[in-house]
Amino acid sequence: MATIRTWKSNSTRRAQRRTRTEVQRRTAQLQPFTLTAFGRILASASGIPVSIAASSSLPPSVAGRWLRTGTGDLIEFDADLPEIARINTVLHEAGHILYGHASVEHRVDAGQALCSILGPAAIARFAHVRYRSAYDTGSEREAEDFARQTLRTILWSDAGTGESAGLLAALGFPRTRIE
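Residues numbered from 1 in each chain as written. Predicted model: local features only at pLDDT ≥ 70, side-chain atom pairs only at ≥ 80, totals over all residues. Heavy atoms only, no water.

1. Focus on the overall build of the chain
Line of reasoning, step 1. Within the chain, the regular secondary structure consists of seven helices and four strands.
Line of reasoning, step 2. Starting at the N terminus, the α and β elements of the chain follow one another as α-α-β-β-β-α-α-β-α-α-α.
Line of reasoning, step 3. The 179 residues of the chain split such that 40% are buried.
Line of reasoning, step 4. Long-range pairs, those at least 24 residues apart, make up 56% of the contacts in the chain with a sequence separation of at least 6.
Line of reasoning, step 5. About 9,500 Å² of surface is accessible on the chain, with carbon and sulfur atoms providing 53% of the total. (Helix = DSSP H or I, 4+ residues; strand = E, 2+ residues; numbered from the N terminus. Buried < 20%, exposed > 50% of the residue type's maximum accessible area, 1.4 Å probe, protein only. Contact = heavy atoms within 4.5 Å. Areas by Shrake-Rupley, 256 points an atom, 1.4 Å probe, with all protein chains shown as cover.)

Structural data, given as structure tokens:
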């Protein structure tokens, strides 16, 4: 099967990089960080309304997905994930939006559906290794790179506040502002 590659112009890539950097900068300023506030930043940057919601109906082992709906973008994450994994999953799906990737329904139509998948071993080791399952496509690696960079920005941007600071400190994160 032939691989179809779409090329983005240099100016498009530069504009997307500036947008991602701005999202990370604004996210670092959130006091405290919440998924709702991050959703507003993402919607502002993408120009499309964004909803972020917990889901108990995702397929087994799927941590999250991004869908483009008639009213905007929907990022769903597994409601049973630990807090830090929820945040990383949402940031990963946001990376797909900010890199201009196709949403999951377009990949399904093309036979290329990919969702963020966390196996039980990855969940058990999440706090220690600070990464999820390996990704075998460029778009998945880009989205995960955005998630990791942004999560570091959140965790290191200021001294810890809120109840989750103690939990995340116990997980090995020295500072956090996540609530």
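2. So, the packing of helix H1 (residues 10-28) against helix H6 (residues 138-156)
Line of reasoning, step 1. H6 packs onto H1 with a crossing angle of 30 degrees between their chain directions and a minimal axis gap of 9 Å. Regarding the angle of H1 to H6, the classification is roughly parallel. As for how H1 packs across H6, the hand of that crossing is right-handed. Between H1, through Arg-20, Val-23, Gln-24, Thr-27 and Ala-28, and H6, the contact on the second element is made entirely by Phe-146, Gln-149, Thr-150, Thr-153 and Ile-154.
Line of reasoning, step 2. Considering only residue class, the contact of H1 with H6 consists of four nonpolar, five polar and one charged. (Axes fitted to C-alpha atoms, helices over the stretch in contact; angles between N-to-C directions. Parallel < 35°, antiparallel > 145°, perpendicular 65-115°, else oblique. Left-handed = near helix turned anticlockwise from the far one by under 90°. Nonpolar A, V, L, I, M, F, W, Y, C, P; charged D, E, K, R; others polar.)

3. Here's the deal with the side chain of Glu-140
Line of reasoning, step 1. On the secondary structure map, Glu-140 appears in helix H6.
Line of reasoning, step 2. The class of Glu-140 is buried, set by a relative accessible area of 2%.
Line of reasoning, step 3. A polar side-chain atom of Glu-140 sits 3.1 Å from a polar atom in the side chain of His-96. (Polar contact = N/O pair within 3.5 Å; in protein donor to acceptor, adjacent residues only side chain to side chain.)

4. Here we look at the nonpolar core
Line of reasoning, step 1. Ranked by internal contacts, the top residues of the largest apolar core, which has 26 residues, are Phe-33, Phe-38, Leu-42, Ile-75 and Leu-91.
Line of reasoning, step 2. Put simply, the parts of the chain that give this core at least two residues each are helix H2 (35-46), strand E3 (72-78), helix H3 (83-99) and H6.
Line of reasoning, step 3. In terms of residue count, the dominant contributor to this core is H3 (eight residues). (Core = buried A, V, L, I, M, F, W, Y, C linked by side-chain atoms within 4.5 Å.)

5. A short note on the environment of Pro-32
Line of reasoning, step 1. On the secondary structure map, Pro-32 appears in the loop between H1 and H2.
Line of reasoning, step 2. Sequence separation of Pro-32 and Ile-154 is 122 residues, and the distance between their C-alpha atoms is 9.5 Å.

6. Quick notes on the pairing of strand E2 (residues 62-69)
Line of reasoning, step 1. Most of E2 sits out of view: six of its eight residues are buried.
Line of reasoning, step 2. As defined by bridge partners, E2 adjoins E3 across six bridges and the pair is classed as antiparallel. When the sheet's bridge partners are listed, Arg-65 is paired in E3 with Glu-76.
Line of reasoning, step 3. The hairpin formed by E2 and E3 contains two residues between the paired strands. (Pairing = 2+ DSSP bridges.)

7. Regarding the packing of aromatic side chains
How two aromatic rings sit relative to each other is given by the distance of their centres and the angle of their planes.
Line of reasoning, step 1. With the rule as written, the count across this model stands at one aromatic pair.
Line of reasoning, step 2. Relative to Phe-38, the ring of Phe-33 has its centre 6.2 Å away and its plane inclined at 45 degrees; by these criteria the two rings are tilted. Comparing Phe-33 with Phe-38, the two get one shared label, buried. (Phe/Tyr/Trp six-rings, centres within 6.5 Å; stacked < 30°, edge-to-face > 60°.)

Remember, this is a structural readout, not a statement about activity or role.
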